[in-house]
Amino acid sequence: MNTGSDETGEVATTDDGAGNERALGSRAPQFIRARRALHVSWQVGVFVVGLAVVVAGVVMLPLPGPGWLVIFGGMAIWATEFVWAQLVLRWTKRKVTEATQRALDPKVRRRNIVLTVVGLVIVAVLVGVYLWKFGFVMPWSISQ
């Protein structure tokens, strides 16, 4: 597995303008990185654990549970060792930050409030029409 983190003393970095982000590469302890066989087995272990967490998150998407949160947790596990996962997490964090800033924009907030009010009015009208037409009768019959 070539992860860009096999060489000791060499650290991969990105130039995305943030300036305060950690260097890319393995975060394994130095004594593990110093021995190639131990480092490869460490990487395999991290990959298997991260894969198990990501698969559990994918299973939780249709089932009850915090699916996306668990998937991002698995990506964070992979990011402790693999540069590609670190880059994916940085991209994801940047996109989430941008979406948060857009959501806090007063124009967007105003639009969201208007759309919510319109949706609630439509639901209220539909409930009113149902009650006017059918009365307050449950659509099922329970006999005891």
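Please read these numbers as outputs of a predicted model, since none were measured by experiment. The numbering scheme is per chain: residues are counted from 1 as the chain's sequence reads. It should be noted that, the model being predicted, local features are given only for residues of pLDDT at least 70 and side-chain atom pairs only at 80 or more, the latter also being counted only at that level, while totals for whole chains, interfaces and linings use all residues. Only heavy atoms go into the side-chain values, all of them from the structure, while hydrogens and water stay out.

A. Highlighting the packing of aromatic side chains. Ring pairs are drawn from Phe, Tyr and Trp, using the six-membered ring of Trp, whenever the two centres fall within 6.5 Å, and their geometry is named by plane angle: stacked under 30 degrees, edge-to-face over 60, tilted for the rest. Applying the stated criterion to the full structure yields six aromatic pairs. Between the aromatic rings of phenylalanine 47 and tryptophan 78, the centroid separation amounts to 5.4 Å while the plane-to-plane angle is 15°, which identifies the pairing as stacked. Remark: tryptophan 78 occurs in helix α3 (residues 67–79) and phenylalanine 47 occurs in helix α2 (residues 36–60); sequence separation between them is 31 residues. Partly exposed describes any residue whose relative accessible area lies between the buried limit of under 20% and the exposed limit of over 50%, with all areas from a 1.4 Å probe on protein chains only and scaled to the type maximum. Residue phenylalanine 47 is classed as partly exposed on the basis of its relative accessible area of 32%. Ring geometry for phenylalanine 47 versus phenylalanine 82: centroids 6.2 Å apart, planes at 85°, classification edge-to-face. On the criterion of sequence distance, the pair formed by phenylalanine 47 in helix α2 and phenylalanine 82 in the loop between α3 and α4 (83–103) is long-range, its members being 35 residues apart. In DSSP terms, a helix is any run of H or I states spanning at least four residues, a strand is any run of E spanning at least two, and both are numbered starting from the N terminus.

B. Seen up close, the nonpolar core. Formed by Val46, Val54, Met75, Trp78, Ala79, Phe82, Ala85 and Leu89, the largest nonpolar core amounts to eight residues. Elements with a contribution of two residues or more to this core: α2, α3 and α4. Take the buried residues of types Ala, Val, Leu, Ile, Met, Phe, Trp, Tyr and Cys, join any two whose side-chain atoms come within 4.5 Å, and each joined set is a nonpolar core.

C. The packing of α2 against α3, seen in detail. Helix axes use the C-alpha atoms of the stretch in contact, all axes being lines fitted to C-alpha atoms, and the angles between their N-to-C directions lie in the range 0 to 180 degrees. One can describe the packing of α2 onto α3 by two numbers: an axis separation of 7 Å at closest approach and a directional angle of 170°. Taken together, the axes of α2 and α3 lie roughly antiparallel to each other. Note on element contacts: α3 touches α2 through Gly67, Val70, Ile71, Gly73, Gly74, Met75, Ile77 and Trp78, opposite Val46, Phe47, Val49, Gly50, Leu51, Val53, Val54, Ala56, Gly57, Val58 and Met60. Here the residues of the contact of α2 with α3 are counted per class, giving 14 nonpolar, five polar and no charged. Note that the term roughly parallel is reserved for angles under 35 degrees, roughly antiparallel for angles over 145, roughly perpendicular for angles of 65 to 115, and oblique for everything else. Contacts were defined at the residue level, with two residues in contact if any of their heavy atoms lie within 4.5 Å. Ten residues, namely Ala, Val, Leu, Ile, Met, Phe, Trp, Tyr, Cys and Pro, are considered nonpolar, four, namely Asp, Glu, Lys and Arg, are considered charged, and the remaining ones, Gly among them, are considered polar.

D. Region of interest: the side chain of histidine 39. Here histidine 39 is to be found in helix α2. A distance of 2.7 Å separates a polar atom in the side chain of histidine 39 from a polar atom in the side chain of glutamate 81. Under this definition, polar contacts are N or O atom pairs within 3.5 Å; protein pairs additionally need one hydrogen-donor-capable and one acceptor-capable atom, and for neighbouring residues in sequence, both atoms have to be side-chain atoms.

E. Region of interest: the side chain of glutamine 86. Locating glutamine 86 in the fold gives a position in helix α4. Filtering out sequence-adjacent residues up to four positions away, glutamine 86 remains in contact with Ala23, Leu24, Gly25, Arg27, Ala79, Thr80 and Glu81.

F. Main features of a nonpolar patch on the surface. By definition, no residue in a patch forms a salt bridge, and every one has over 30% relative accessible area; like charges are joined within 9 Å, nonpolar side chains (Val, Leu, Ile, Met, Phe, Trp, Tyr) within 5 Å. To be clear on the numbers: accessible area is Shrake-Rupley with a 1.4 Å probe, and residue cover counts the displayed protein chains and nothing else. A pairing counts as a salt bridge when a side-chain nitrogen of Lys or Arg comes within 4 Å of a carboxyl oxygen of Asp or Glu. A surface patch of nonpolar side chains, about 730 Å² in accessible area, is lined by Val44, Phe47, Val48, Leu51, Val55, Val59, Leu63, Trp84 and Val88. Secondary structure elements with two or more residues in the nonpolar patch: α2 and α4. Counting residues per element, the nonpolar patch draws most heavily on α2, at six residues. With respect to the element layout, valine 44 can be found in helix α2. Overall, valine 44 belongs to the partly exposed group, its relative accessible area being 38%.

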